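Summary of the model geometry
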Amino acid sequence: MMELVCPAGTPAALHAAVEAGAHAVYCGFADETNARNFPGLNFSRDELTKSIAFAHDRGAKVLVAINTFPRAGAEAIWHRAVADAETAGADAVILADLGLLAHTAERHPDLRRHLSVQAAAANPDMINFYAEAFGVRRVVLPRVLSVAEITAINREIDVETEVFVFGGLCVMAEGRCSMSSYITGKSPNMNGVCSPPSHVVYAEEDGELAAKLGGYTIHRNAKGAPAPYPTMCKGNFTSGDKTGYVFEDPVSLDASDLIPALAKAGVKALKIEGRQRSRSYVAQVVRNFRAALDAVEAGRPVPPGTLAHLTEGQSATAGAYRKTWR
Amino acid sequence: MTDAFATISLVPQPLSLGLLAVPLAPMSVALSLLAGRVIRGHPGLLDRLGDYGGRRFVIDPTDLPLCLLIQPNAAHGAVRLHRQPPSADARIAGPLAALLGLVHGTWDGDALFFSRDLVIEGDTSAALALRNAIDDAELDLGAEISTLVGPFGQMLRQVIAFAERRTGMPLRRMEEPG
């Protein structure tokens, strides 16, 4: 069976994920070393140690995301995070930065290394380089590949691949996108926050809800219409004589019905996005996907999804897995 | 989410109107006692809030004629009731059931926001920090209130469970969230 890798922004969410059937849970420290550095979120060292013990007692793994790019002169913060993850008993660290990968391979050779989606490794040459140079054992693929492309990549590499199947949909070259920092000065790559909440304002204007980022209106939504979070890549803009979603609609990924195809493509693990979401979200999504995986394993069809109410924009897409690009 | 909480219930209007006659000061004292007990019992809550523990939050149940002003790290009087939302760092508004469901892990806060059942105004960071801290604390307000009444706790638990079934309001923590 493919491994179900689930998000946890808090110990409570980790418990919910494990109890709902996660094979592995990924999480991060409460600082800038991971790409979900939101207020009130993430784990202290003590919380991580206890959470890993909880997960291991129930047969689940814990992967620690240390997937931002260290600031020059402040590398010690990231080095300490890797060392502390190993001490806490993490089953793997999820890394993106070349220097941090080199450091981890050299100083923590027994700590399993996964390549974060933030490294945007989207072809066999890149993946094989990370595997040969730093002993990376698994690559999280960017959300811009079709199933056929994933199949082709898996034929040319020896490491495991992990793909996103549910949650927020980033369609940019992850780890290299500067749209958030262009507007707010902060990015997921360096600060661990895309469209940081400190720069988000919602305001009622002329009977509509205006969602603003760094003072710019990213969306306007009529009363009662679904309200997305104001991220630049999913903003509604006017370009020339057209107004619409220039990059991507504010929808979420749901590739549950592609689970059999992804298994056939040689994918090792399925990832659910959402470390910033609640324990309620984690429990519902993990339970649904575990049931889907169990069904596929038993040769039954994937059960119909019941998660649309949890998605941004209240609607879902199969993303690039089936996408015809404009 | 279980079928019992498939939709967000509203407080019946007669009950809501009845609250207009209730004096706010004694209720503020009682709610502050409850808040103090919750905070003492869940020290991780203030740790997770960090600097946001000193912010002023308005919790505004839109189906009630009152709202709560909360300052989590206030030494005394952490909760004050108001008829109209006072100025604050952040305001979180929605039906009482949605707000209770957030606390008890019945519903996901982002999903309630996407569907517009929940409104956030002011400092979005502060609101997120509060949401995340409360979610991790796995609070059970029904159980907390029951322990306040000493020997009548067991009876009150049964009353709360009955009220939850009758009203569709998530008055207790979901043992299996979602």
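Residues numbered from 1 in each chain as written. Chains lettered and ligands numbered in written order. Predicted model: local features only at pLDDT ≥ 70, side-chain atom pairs only at ≥ 80, totals over all residues. Heavy atoms only, no water.

Brief notes about the packing of helix α4 (residues 98-107) of chain A against helix α5 (residues 124-134) of chain A
Residue and element names in this part refer to chain A. To keep it simple, the criterion reads: Lines fitted to C-alpha atoms define the axes here, with helix axes fitted over just the stretch in contact, and angles between the N-to-C directions of these axes take values from 0 to 180 degrees. Comment: elements are numbered from the N terminus, with helices defined as DSSP H or I runs of at least four residues and strands as E runs of at least two. Contact definition: two residues touch when any of their heavy atoms are within 4.5 Å. Ten residues, namely Ala, Val, Leu, Ile, Met, Phe, Trp, Tyr, Cys and Pro, are considered nonpolar, four, namely Asp, Glu, Lys and Arg, are considered charged, and the remaining ones, Gly among them, are considered polar.
Where α4 contacts α5, the two axes come as close as 10 Å, and the packing angle between them is 35°. Between α4, through Leu 98, Leu 101, Ala 102 and Ala 105, and α5, the contact on the second element is made entirely by Phe 129, Tyr 130 and Phe 134. Taken together, the residues that form the contact of α4 with α5 break down as 7 nonpolar, no polar and no charged.

Description of the packing of aromatic side chains
Residues and elements named next belong to chain A. Rule in force here: For Phe, Tyr and Trp, rings pair up if their centres lie within 6.5 Å, where Trp contributes its six-membered ring, and each pair is then called stacked (planes under 30 degrees apart), edge-to-face (over 60) or tilted (otherwise). We count a charge as sitting over a ring when the NZ of a lysine or the CZ of an arginine lies within 6 Å of the ring centre and within 35 degrees of the ring normal.
Enumeration according to the criterion identifies 7 aromatic pairs over all chains in this entry. An aromatic cluster is present here, built from Phe 129, Tyr 130 and Phe 134 joined pairwise through their rings. In this arrangement the basic side chain of Arg 45 is found over the ring face of Phe 29, its NZ or CZ atom lying 3.8 Å from the centre. Above the plane of the ring of Tyr 26 lies Lys 271, whose end atom (NZ or CZ) is 4.2 Å from the centre.

Description of the pairing of strand β3 (residues 61-66) of chain A
All names here are of chain A. What counts here: Classification of residues uses two cut-offs on accessible area relative to the type maximum, computed with a 1.4 Å probe and protein chains only: under 20% is buried, over 50% is exposed, and between them is partly exposed. Two strands qualify as a pair provided DSSP detects at least 2 bridges between them. By the criterion used throughout, a crossover qualifies as right-handed when its path from the first strand across the helix to the second strand runs clockwise, the strands pointing away from the viewer.
Counting buried residues in β3 gives 5 out of 6 residues, a clear majority hidden from the surface. With 4 bridges connecting them, strand β2 (residues 24-27) and β3 associate as parallel partners. Within β3, the position partnered with Cys 27 by the bridge is Val 64. As for the winding sense of the linkage, the β-α-β connection from β2 through helix α2 (residues 45-57) to β3 is right-handed. Where β3 lies against strand β4 (residues 92-95), 4 bridges are found, and the strand directions are parallel. Following the sheet pairing, Leu 63 is matched in β4 by Ala 92. Read from β3 through helix α3 (residues 75-88) to β4, the crossover connection turns out right-handed.

Concerning the environment of Ala203(A)
All names here are of chain A. For Ala 203, the position within the fold is in strand β8 (residues 200-205). On a C-alpha basis, the gap between Ala 203 and Phe 38 in space is 21 Å, while along the polypeptide they are 165 residues apart. Among residues more than four places away in sequence, those in contact with Ala 203 are Glu 208, Leu 209 and Ala 210.

Structural notes on the domain arrangement of chain B
All names here are of chain B. Under the convention used in this document: Start and end positions for the domains come from either an automated domain assignment or a database one. Buried area is understood as the total, over both parts, of accessible area removed when two parts are fitted together, assessed with a 1.4 Å probe.
Assigned domains within chain B: domain 1 (11-139) and domain 2 (140-173). Relative placement of domain 1 and domain 2: their C-alpha centres are 19 Å apart. Tallying the contact residues gives 15 residues for domain 1 and 12 residues for domain 2. Together, the buried faces of domain 1 and domain 2 total about 1200 Å²; carbon and sulfur atoms form 69% of this surface.

Here's the deal with the nonpolar core
Residues and elements named next belong to chain A. What counts, and what does not: As used here, the term nonpolar core means buried Ala, Val, Leu, Ile, Met, Phe, Trp, Tyr and Cys residues forming a set that is joined through side-chain atoms within 4.5 Å.
Membership of the largest hydrophobic core comes to 142 residues, with the highest contact counts inside it found for Ile 66, Leu 262, Leu 270, Ile 272 and Tyr 321. For this core, the leading source of residues is helix α9 (residues 279-297), giving 7 residues. Those residues in contact with Tyr 321 that lie beyond four places of it in its chain are Leu 145, Ser 146, Val 147, Ile 150, Val 163, Phe 164, Leu 253, Ala 255, Leu 258 and Leu 262.

A short note on the sheet that holds β8(A)
Sheets are built from strands that pair by backbone hydrogen bonding, the pairs being arranged parallel or antiparallel. Residue and element names in this part refer to chain A. With antiparallel pairing, the 3 strands of this open sheet are ordered in space as β8-β9-β10. Only two strands of the sheet have a single partner each, and these edge strands are β8 and β10 (216-222). The average undirected angle you get between the axes of adjacent strands in this sheet is 25°. Here β8 runs beside strand β9 (residues 208-213); their pairing, made up of 6 bridges, is antiparallel. The residue bridging Glu 205 from the neighbouring strand is Glu 208, located in β9.

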